[in-house]
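# Reading the structure
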Amino acid sequence: GRVVEVVIQHGAADIAALVADEIEKLLAAKPDAVLGLATGSSPLAVYDELVRRHEAGRISFARARGFMLDEYVGLPDDHPERYRNVIEREIASRVDFAPGAVQGPDGNSDDLLGACEDYEAAIAAAGGVDLQILGIGTDGHIAFNEPGSSLASRTRIKTLTSQTRTDNARFFDGDVERVPRHCLTQGLATIMSARHLVLIATGTGKAEAVHQLTEGPVSAMWPATVMQHHPHATVLVDDAAASRLQ
Ligand code: F6R
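Report follows, based on the coordinates. Just so it is clear, the structure is predicted and the values come from calculations on it, not from any experiment.

What follows is about the packing of aromatic side chains. Within this structure, the stated rule accounts for 6 aromatic pairs. The interplanar angle of 80° and the centroid separation of 5.7 Å between the aromatic rings of Tyr 72 and Phe 172 together place this pair among those described as edge-to-face. Of this pair, Tyr 72 sits in strand β4 (residues 70-72) while Phe 172 sits in the loop between α5 (162-168) and β8 (182-185), and the two are 100 residues apart along the sequence. On the accessibility criterion, Tyr 72 (1% relative accessible area) is buried. Taking 6.0 Å as the distance between ring centres and 20° as the angle between the ring planes, the aromatic pair formed by Tyr 83 and Phe 144 counts as stacked.

A large share of helix α7 (residues 207-215) lies buried, amounting to 7 of its 9 residues. Against β1 (5-9), β9 (196-201) and β10 (233-238) lie the buried residues of α7.

Assignment of secondary structure puts Glu 120 in helix α4 (residues 112-125). For Glu 120, a relative accessible area of 17% translates into the label buried. As for Glu 120 and Gly 74, which are separated by 46 residues in sequence, their C-alpha atoms are 20 Å apart. Excluding its chain neighbours within four sequence positions, the residues that come into contact with Glu 120 are Arg 154, Thr 155 and Thr 190. Looking at Glu 120, its side chain comes within polar contact range of the side chain of Arg 154, at 3.1 Å. At 2.6 Å, the side chain of Glu 120 and the side chain of Thr 190 are in polar contact.

About the thresholds
Residues numbered from 1 in each chain as written. Predicted model: local features only at pLDDT ≥ 70, side-chain atom pairs only at ≥ 80, totals over all residues. Heavy atoms only, no water. Phe/Tyr/Trp six-rings, centres within 6.5 Å; stacked < 30°, edge-to-face > 60°. Helix = DSSP H or I, 4+ residues; strand = E, 2+ residues; numbered from the N terminus. Buried < 20%, exposed > 50% of the residue type's maximum accessible area, 1.4 Å probe, protein only. Contact = heavy atoms within 4.5 Å. Polar contact = N/O pair within 3.5 Å; in protein donor to acceptor, adjacent residues only side chain to side chain.

What follows is the structure in structure tokens.
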């Protein structure tokens, strides 16, 4: 039987409303909650919904903190696809996070190993992540833990697979050569330390990864399968992403 909770909805808007409900409840109970923020397409509808609820006076992030999952290595500081800039544009600047309250690993550090250690320490010092938003790669990655990642991994430097670089070329004028080759990413054990995991997947391109995540054997070849060992993991999918579930 399934170990992770699977919620099937008709579309991204329904999924976004459910995730926003969870975050609204969390912030009501714990205004200084720590949120784990994903980039990519999957969480965008959630961020839009959080902005709407913030503007309606229902949610404040004034005391909350945010930790990003990952960052490309070597993009110019002002590059629009640098994840720190993406998160600023898509959510942080649109709500009332305090300055500096949203952090990410520093993919432009002169000391990338040190930046990874600092990032783990910052998450721990904040008391850990209360609710982690996740997307999933077509190859089953979460954050940028590509197939073969250790289930015990912490924040580190990774090489992106050619599949992921092809998938993400749409953010770089369709030119795979412009997609960075390396990234800093929270490890699978880092992600597993979050108290609630909320993964969003839509579209047929995610159907195989969602099948493996929820019904396959736990394996580093499908890194998201580690979530089967998490005590509180929720997977929200649309009909297309659910199409290979048995
Ligand atoms: C992004 C991240 C990635 C994405 C995944 C899915 O911070 O960590 O794991 O969540 O590549 O991307 P989208 O949502 O664009 O399909």
